[in-house]
Amino acid sequence: MLLLAAAFIVAFVLLLYMVSPLISPKSLKLPGAHVVVTGGSSGIGKCIAIECYKQGAFITLIARDENKLLQTKKEIEKYSVNDKQVVLCISVDVSKDYEQVENVLKQAQEKLGPVDMLVNCAGTSVTGKFEDIEVNSFERLMAVNYLGSVYPSRAVIATMKERRMGRIVFVSSQAGQLGLFGYTAYSPTKFALRGLAEALQMEVKPYNVYVTVAYPPDTDTPGFAEESKTKPLETKLISETSSVCQAEQVARVIVKDAIQGNFNSSVGSDGYMLSILTSGMSPVTSITEGLQQV
């Protein structure tokens, strides 16, 4: 009887694996697609732009520093796969004025077509003990890390729903999966992205638009180097127990998960286990993912 029950369970699981591809999102084709990357002048954002460009996408880079944008544009263009590809640069603060963000994205779409994938990578960090962090730092981080993702997403979502296709990526952090010592200003802003992503995915899934939340670990970027200068001793001791990933590796994983329509995107075995442990009621993209969580 036990063998029969075991055989039934195995057969059922195999059936689910076979059916899973039929109900999973269809992959987004990047050749010729228009990909917008905020915070795209350095770090993970720049590497995501390069990865998409390597696959034939047209890129709009958005960041505040115009000089950095132009330097990054030259670097990305080295990876072109055809002479039709374009890298468009727009200097704007995505966290301050929604109308301005909406206008620049309209201009980008007039030049390169509707946005097929938006990657919200603009972000900043302040570390320190709760009582040592200036109050305005909490306000600034919420504006940049949260509203800086809300505004661009709000500007493109209507067109994506009309076209019944699109991808929106929110680059959170492992500090957005669990609270960490010294990150009382930063962690809540990254947790907020997950809440936004979960609610938004429920609204847009019927329109074939899929949301991805990326949870990169400590990554070797200019932002991480700057953040490390102000970390409390206790936070530094915690960080020393984990390895630092390369931005290129993180970017490849995020792009792969986004084009496949996966809701969660994590890097490495520890990141995978953390995503499983903290998945809660997050959307499940496929039967396979659901079985893995169980």
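Residues numbered from 1 in each chain as written. Predicted model: local features only at pLDDT ≥ 70, side-chain atom pairs only at ≥ 80, totals over all residues. Heavy atoms only, no water.

**Q** Whenever I open this one, a positive patch on the surface confuses me. Can you help?
**A** A surface patch of like charges, here positive, comprises R64, K68, K96 and R140. Looking at the element boundaries, R64 is found in the loop between β2 (58-63) and α3 (66-77). Given a relative accessible area of 62%, R64 falls into the exposed group. (Patch = residues over 30% accessible without salt bridge, like charges linked within 9 Å, V, L, I, M, F, W, Y side chains within 5 Å. Areas by Shrake-Rupley, 256 points an atom, 1.4 Å probe, with all protein chains shown as cover. Salt bridge = Lys/Arg side-chain N within 4 Å of Asp/Glu carboxyl O. Lys, Arg positive; Asp, Glu negative; His and termini not counted. Charge placed at Lys NZ, Arg CZ, Asp CG, Glu CD. Helix = DSSP H or I, 4+ residues; strand = E, 2+ residues; numbered from the N terminus. Buried < 20%, exposed > 50% of the residue type's maximum accessible area, 1.4 Å probe, protein only.)

**Q** What should I look at first to understand the nonpolar core in this one?
**A** For soluble globular proteins, nonpolar side chains are generally found buried alongside one another. Formed by 34 residues in total, the largest nonpolar core has its most connected members in L30, V35, I48, C52, I59, M117 and V119. Of all the elements in the fold, those that place two or more residues in this core are β1 (34-38), α2 (43-54), β2, α3, β4 (117-120), β5 (166-171) and α9 (247-260). When neighbours within four sequence positions are excluded, L30 is seen to be in contact with V35, C52, Q55, G56, A57, M117, V255 and I259. By size, the runner-up hydrophobic cluster in this structure holds 31 residues, among which are V101, L118, A197 and V209. (Core = buried A, V, L, I, M, F, W, Y, C linked by side-chain atoms within 4.5 Å. Contact = heavy atoms within 4.5 Å.)

**Q** Hey, could you run me through α2 in this one?
**A** Two residues of an α-helix separated by three or four positions point the same way, owing to the 3.6 residues in each turn. A rise of 1.5 Å per residue sets the reference length of α2, with its 12 residues, at 16 Å; its end C-alpha atoms lie 17 Å apart and thus fit the reference within 8%. Among the residues making up α2, those that are buried are G43, I44, G45, K46, C47, I48, A49, I50, E51, C52 and Y53. Backbone geometry just after α2 places G56 at a positive phi near 95 degrees. (Expected span 1.5 Å × (residues − 1).)

**Q** Would you take a moment to explain the packing of α2 against α9 for this structure?
**A** The axes of two packed helices give the description: the angle between them and the distance between them. Two elements in contact, α2 and α9, have axes separated by 8 Å at closest approach and are oriented at 60 degrees. Viewed along their axes, α2 and α9 adopt a mutual orientation that is oblique. When you trace α2 past α9, the crossing you get is right-handed. Across the interface between the two elements, G43, I44, C47, I48, E51 and C52 from α2 touch A247, E248, V250, A251, R252, I254 and V255 from α9. Classifying every residue of the contact of α2 with α9 by side-chain character gives 9 nonpolar, 1 polar and 3 charged. (Axes fitted to C-alpha atoms, helices over the stretch in contact; angles between N-to-C directions. Parallel < 35°, antiparallel > 145°, perpendicular 65-115°, else oblique. Left-handed = near helix turned anticlockwise from the far one by under 90°. Nonpolar A, V, L, I, M, F, W, Y, C, P; charged D, E, K, R; others polar.)

**Q** Teacher, can you tell me more about the side chain of S187 here?
**A** Within the element layout of this structure, S187 appears in helix α6 (residues 187-204). The class of S187 is buried, set by a relative accessible area of 5%. Side-chain polar atoms of S187 contact the backbone oxygen of A175, separated by 2.8 Å. Excluding residues that lie within four positions of it along the chain, S187 makes contacts with A175, G176, L178, G179 and L180. (Polar contact = N/O pair within 3.5 Å; in protein donor to acceptor, adjacent residues only side chain to side chain.)

**Q** Just to check I follow, could you spell out the pattern of salt bridges for this structure?
**A** When their charged atoms lie close together, side chains carrying opposite charge are able to pair. In total, this model carries 4 salt bridges according to the counting rule given. A salt bridge links K46 to E75, with the nearest nitrogen and oxygen atoms 3.2 Å apart. With K46 in helix α2 and E75 in helix α3, the pair connects residues that are 29 residues apart, well separated along the chain. Owing to a relative accessible area of 19%, K46 belongs among the buried residues under this scheme.

**Q** How do you make sense of the sheet that holds strand β9 (residues 264-266) when you look at a structure like this?
**A** Note: strands within a sheet are paired through backbone hydrogen bonds, in either parallel or antiparallel orientation. Read across the open sheet, the 7 strands follow the order β3-β2-β1-β4-β5-β6-β9; overall the sheet is parallel. Edge positions in the sheet fall to β3 (87-91) and β9, since each of these pairs with one other strand and no more. Here the average twist between neighbouring strands, direction ignored, is 15 degrees. Both β4 and β5 contribute to a ladder of 4 bridges, which runs parallel. Pairing of V119 across the sheet is with V169, part of β5. Contacting β1, β4, β5 and β6 (209-215), helix α5 (residues 135-163) runs over the sheet at an angle of about 170 degrees to β4. Of the strands in this sheet, β5 and β6 touch α6, which is tilted by about 160 degrees from β6. (Pairing = 2+ DSSP bridges.)

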